[in-house]
Amino acid sequence: MSFEYSERIKSLPPYLFAQIDKKKKEKIAQGVDVIDLGVGDPDMPTPEPIVKAMQRAVEKPEHHRYPSYEGMLSFREAVAEFYRRRFGVSLDPEKEVITLIGSKEGIAHFPLAFVNPDDVVLCPDPAYPVYKIGTIFAGGVPYIMPLKEENDFLPDFKSIPKDVLKRAKIIWVNYPNNPTSAVADESFYRELIDWARENNIIVASDLAYSEIYFGNQKPMSILQVDGAKEVAIEFHSLSKTYNMTGWRIGMAVGNEKLISGLGKVKTNVDSGQFQAIQEAGITALKMPESELQKIREVYRQRREAMVKALQDVGLEVYSSTATFYLWVKVPKGYTSAQFVSLLLDECGIVCTPGNGFGEHGEGYFRISLTLPTERLLEAAERIRKLKI
């Protein structure tokens, strides 16, 4: 029999990180000692109190049945308390918070609630691929907003043509940013909120990296700005903050109708997150700041060591105060794909080409600081031997 993919599947690019994983496995099979700096998957273990909480929770028979679609109220209350403590933002846990099976799930599903065929979704580029993929699944049309270094990797949303604005339903923003590691300030969010209200456009903010920062300037939530709840929904995740990528637990918060719309999608496509994981998530959200600072300190040390090592071999690294990524310019004479292929073939190093995050990522590659410092420095030494 012959089976043909749907047009929406045909229109999707190959998922970037699946391709990288395939190439990595090929090299390992060849006996290469691969240093994987590709996917942003924390190497440090989930903190023990969270694991212990999960062990206790999984034994409770009440968690072995279907969970609630919107998430346990106790988890949503913990999310609201986290937002109050960390950002000074007040949330109604019953109406303005929903539990997600990881923020990726929520980001992918959200356009289904508000985007009709041929509606426009404003997507940054370079960016997390799921903003564009979720748009395509909903039948929407992605409109690319270039993120350029000369603009501190912030979108120039005011330059979007009027005919595009008339069709636009959602604008995606992500700060601290993946892949560039850029950070947005209050003035950016104020302008964005005013512009969104004026043009009746939903702001969807991805805040997955808010707790991976260095120094005293903490990244902010868009909801800290007056008027944000009128236009915004924010997606957050326990994955990066608490080393819980495999647990698949996150949340969306913000405007009540936007949360409700996402909830309507979820009631029809999933049955909620396993409640034992939500109980463990409550423990995570209540962890003292000192525990998060230990994780940040590890990344800070790795960042400083790797930035210096890369600069010593002649590579230019974008200066940033957040995320566990380095956004690095490729040497002259190479495209992003060519240089990343060179690193894999000649050095056994996996990195992510900038153009894998969109056409405006060309000229850069991304390094994840999710390996011990000695392994990162070994990678830098292998690059040095290339004599680029």
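*Asks:* Account for the pairing of strand β3 (residues 120–125), naming residues and giving values.
*Replies:* A regular strand places its side chains on the two faces of the sheet in alternate fashion. For β3, a buried count of six out of six residues is recorded, marking the element as mostly surrounded by other parts of the structure. Here β3 shows two buried faces, one formed by V120, L122 and P124 and the other by V121, C123 and D125. In this view, the connection linking β3 to its parallel neighbour strand β4 (residues 141–146) by way of helix α6 (residues 130–137) has right-handed handedness. As paired elements, β3 and strand β5 (residues 168–174) share three bridges and run parallel to each other. Among the inter-strand pairings, L122 is bridged to a residue of β5, identified as I171.

*Asks:* Could you give an account of the side chain of S103, naming the residues involved and the relevant values?
*Replies:* Secondary-structure assignment places S103 in helix α5 (residues 103–114). Taking the relative accessible area as the measure of exposure, S103 reaches 10% and is therefore buried. Those residues in contact with S103 that sit more than four places away from it in its chain are F235, H236, S237, R248 and G250.

*Asks:* How would you sum up the pairing of strand β7 (residues 232–237)? Please name residues and give values.
*Replies:* Within β7, six of the six residues are buried, which leaves the element mostly enclosed by the surrounding structure. Neither face of β7 is left uncovered, since the one carrying A232, E234 and H236 and the one carrying I233, F235 and S237 both have all their residues buried. The pairing of strand β6 (residues 202–206) with β7 spans four bridges and is parallel. What sits directly across from V203, in β7, is A232. Taken together, the five bridges between β7 and strand β8 (residues 250–254) define a ladder with antiparallel strand orientation. Bridge pairing in β8 places E234 opposite V253.

*Asks:* Can you lay out unusual backbone geometry for me, pointing to particular residues and giving the numbers?
*Replies:* That bond from Y175 to P176 is cis: its omega, -5°, falls within 30 degrees of zero. In this structure, P176 sits in the loop between β5 and α8 (186–199). Positive phi is not limited to glycine here, since D118 has a value of about 80°. With a phi close to 75°, S181 is a non-glycine residue in the positive phi region. On the basis of relative accessible area, S181 is assigned to the buried category, the value being 0%.

*Asks:* Could you give an account of the sheet that holds strand β12 (residues 364–368), with specific residues and numbers?
*Replies:* Across the sheet, three strands lie side by side as β9-β12-β11; this open sheet has antiparallel pairing. If you trace the sheet from one side to the other, it starts and ends with β9 (325–329) and β11 (352–353), each paired once. When β11 meets β12, the two strands line up antiparallel, connected through two bridges. Following the sheet pairing, T352 is matched in β12 by R366. Strands β9 and β12 of the sheet are contacted by helix α12 (residues 289–312), whose axis makes an angle of about 10° with β9.

Rules behind the numbers
- Residues numbered from 1 in each chain as written.
- Predicted model: local features only at pLDDT ≥ 70, side-chain atom pairs only at ≥ 80, totals over all residues.
- Heavy atoms only, no water.
- Buried < 20%, exposed > 50% of the residue type's maximum accessible area, 1.4 Å probe, protein only.
- Helix = DSSP H or I, 4+ residues; strand = E, 2+ residues; numbered from the N terminus.
- Right-handed = clockwise from strand over helix to strand, strands pointing away.
- Pairing = 2+ DSSP bridges.
- Contact = heavy atoms within 4.5 Å.
- Axes fitted to C-alpha atoms, helices over the stretch in contact; angles between N-to-C directions.

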